[in-house]
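Residues per chain, in single letters:
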Amino acid sequence: MKVKSLFILAILPVLLQGCAKGKGLPERNDALIGKVRDKFEQDIRANGLKLFTYSLMRSGGETQNAPIRPAQQHPQQKTGRQDQDNTLEQWEQQVELGLANTLKMNGYCRDGYIEISRLVESDRAEIRGECKEGASEEDRRHFTSQR
């Protein structure tokens, strides 16, 4: 029985990753596990508007000094700049994945959201959004008591 349980635990991440790929979510980057901190802040307004801010920061000395969006490239710097672009793109995908998982776990935006703003830098990122649905009484009880 223990072997069967261990097998299930070993194969579960692979299966979940396959499910995430099928739904258009970015791949999880295991290299970032334990190296990032995320924070989800919700704001339910009196008129029922549901806003949120999701932020992700690299912890420790893992920062890279890449710009928010690379400037115009010089031909001799193209390879290095492309590496930075790829790194920023992967980081941005992890932010999107983190937000998708957070919203799925907490149920804050049941009908999706509209992105208000996005900031992606090499060591931090933030996505601000508005839920498509208004706040219910249950939302007000559940999410305003979590502050």
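Scroll up to find the structure this text is about.
Predicted model, so just to flag it, every value in this text is computed and none were measured.

Caption draft 1: Local environment of the pattern of salt bridges. Taken as a whole and assessed by the stated rule, the structure comprises 11 salt bridges. Ionic pairing is found between E92 and R118, a salt bridge with its closest N-O pair at 2.8 Å. Taken together, the residues E92 in helix α2 (residues 78-106) and R118 in strand β3 (residues 113-120) connect sequence positions 26 residues apart. A relative accessible area of 14% places E92 in the buried class. When salt bridges with common partners are traced through the structure, they connect K50, R110, E133 and D139 into a single cluster.

Caption draft 2: Structural detail: the packing of aromatic side chains. A full pass over the atoms with the stated rule returns four aromatic pairs. Relative to Y113, the ring of F52 has its centre 5.2 Å away and its plane inclined at 85°; by these criteria the two rings are edge-to-face. Residue F52 is found in strand β2 (residues 50-58), and its partner Y113 is found in strand β3; the two are separated by 61 residues along the sequence. Residue classification places F52 among the buried residues on the basis of a relative accessible area of 3%. Cluster of aromatic residues (ring-pair linked, three or more members): F40, F52, Y108, Y113 and F143. Note that K50 overlies the ring of Y108, its terminal NZ or CZ placed 5.0 Å from the centroid.

Caption draft 3: Quick look at the sheet that holds β2. Taken in spatial order, the four strands line up as β1-β2-β4-β3 in an open sheet, and their pairing is antiparallel. Taken across any chain shown, the strands that pair with only one partner, and hence form the sheet edges, are β1 (36-44) and β3. Strand-to-strand twist across the sheet, computed as the mean angle between neighbouring axes with direction ignored, equals 15°. Looking at chain direction, β1 and β2 are connected through nine bridges and run antiparallel. In the strand pairing of β2, D38 is matched with L56.

Rules behind the numbers
Residues numbered from 1 in each chain as written. Predicted model: local features only at pLDDT ≥ 70, side-chain atom pairs only at ≥ 80, totals over all residues. Heavy atoms only, no water. Salt bridge = Lys/Arg side-chain N within 4 Å of Asp/Glu carboxyl O. Helix = DSSP H or I, 4+ residues; strand = E, 2+ residues; numbered from the N terminus. Buried < 20%, exposed > 50% of the residue type's maximum accessible area, 1.4 Å probe, protein only. Phe/Tyr/Trp six-rings, centres within 6.5 Å; stacked < 30°, edge-to-face > 60°. Lys NZ or Arg CZ within 6 Å of the ring centre and 35° of its normal. Pairing = 2+ DSSP bridges. Axes fitted to C-alpha atoms, helices over the stretch in contact; angles between N-to-C directions.

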